[in-house]
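Chain and residue survey
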Amino acid sequence: MSTVTIADPAHDAQLAAIEKSGWGHTFRFVQPRNPAFWLFCWMILLGAVETFRNLSNGFESVGSATTFMVVLFGVYTLPWVFFLRNVDRWSKMPGKLALAAFVWGGLTATFMIAIKANGAMFSIWGKLFGGNWVQHWGPSASAPWTEELAKGMGVLLLLVIGRNHVRSAFDGAILGAFVGVGFQVFEDMIYGINGALAGFGQDEVADALQISVMRLAVGFLSHGFYSALVGAGLVFILGTKTLRQQRGRGVLLVLAGMALQGLWDCMAALSIAVGMNSMLLLLLTTGLEVVVA
């Protein structure tokens, strides 16, 4: 006796939607047969060593300011994590994948890659254009390449490690945002510690806080935003199981993230060059980022 199968378009559509979302797949971070996993772990280890060196120097010289920065930015991280974990109610990114992204941004992208690469780039710019040019334009000429590529490397590795869970450009944006927030938190922490060191530890906590206030105030449209654009762009460039490649759109998103980073870093110099109030330029830049978002 033969069995007749009746097509159910609604059921087929439901199964297709579940497969598209990646819902139901168990995420395993440890993937011994995946080269991307081992490369990621090795880079994290190197980043952890560099992070320890930088923070231990801070504790030795300005211990109170360093402790204050760690607590301050630890608290600052919490609302970011809450927002990014709940912005998509239907297909939350696995916690281990989000944590891996944050750790890459904080340890590897910041200390292992960006700080060293920025120093090398500044040295090159100084020899080509002089110290005054580097002081004004060096960050905007270096950071979009060094920092966004450093963060993008982590996104790229995690796209391979979490291939069953990053299905859409939005998933890529969330992954990139976690990397960017990690980078922002640790970079701002170092800025605060350096501010305390610049004051020779006379009033180290106040000096560190002064540097951190502005960065905290505008941090919601900083590295997390730039890296979200880069993450979404990488997903469009590479494609996923359910999203066809759209290289043109992906490249534009990556370049947009880099361009906004460059604009942010040259804001002070640009305000002088065009004779515009720096606060007005800050508002215009923030408005531009909101439009892009």
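Residues numbered from 1 in each chain as written. Predicted model: local features only at pLDDT ≥ 70, side-chain atom pairs only at ≥ 80, totals over all residues. Heavy atoms only, no water.

1. Comments concerning the overall build of the protein chain
A count of helices and strands for the protein chain gives 11 helices and zero strands. The order of α-helices and β-strands along the protein chain, N terminus first, is α-α-α-α-α-α-α-α-α-α-α. Counting only contacts in the protein chain whose residues sit at least 6 apart along the sequence, the fraction spanning at least 24 positions is 76%. Surface exposure of the protein chain reaches about 15500 Å², of which carbon and sulfur atoms provide 68%. (Helix = DSSP H or I, 4+ residues; strand = E, 2+ residues; numbered from the N terminus. Contact = heavy atoms within 4.5 Å. Areas by Shrake-Rupley, 256 points an atom, 1.4 Å probe, with all protein chains shown as cover.)

2. Describing the environment of Asp 88
You can see Asp 88 is positioned in the loop between helix 3 (63–86) and helix 4 (95–129). The class of Asp 88 is buried, set by a relative accessible area of 15%. Taking C-alpha positions, Asp 88 is 9.0 Å from Asp 171, a pair spaced 83 residues apart along the chain. Apart from the residues within four sequence positions on either side, Asp 88 is in contact with Phe 170 and Asp 171. (Buried < 20%, exposed > 50% of the residue type's maximum accessible area, 1.4 Å probe, protein only.)

3. Considering the packing of aromatic side chains
Throughout the structure, instances matching the rule amount to 11 aromatic pairs. Joined through ring pairs, the aromatic side chains of Phe 29, Phe 37, Trp 38, Phe 40 and Trp 104 make up one cluster. Just above the ring of Phe 183 sits the side chain of Lys 151; from NZ or CZ to the centre is 5.0 Å. The ring centre of Phe 236 lies 5.2 Å from the NZ or CZ of Arg 249, which sits over that ring. (Phe/Tyr/Trp six-rings, centres within 6.5 Å; stacked < 30°, edge-to-face > 60°. Lys NZ or Arg CZ within 6 Å of the ring centre and 35° of its normal.)

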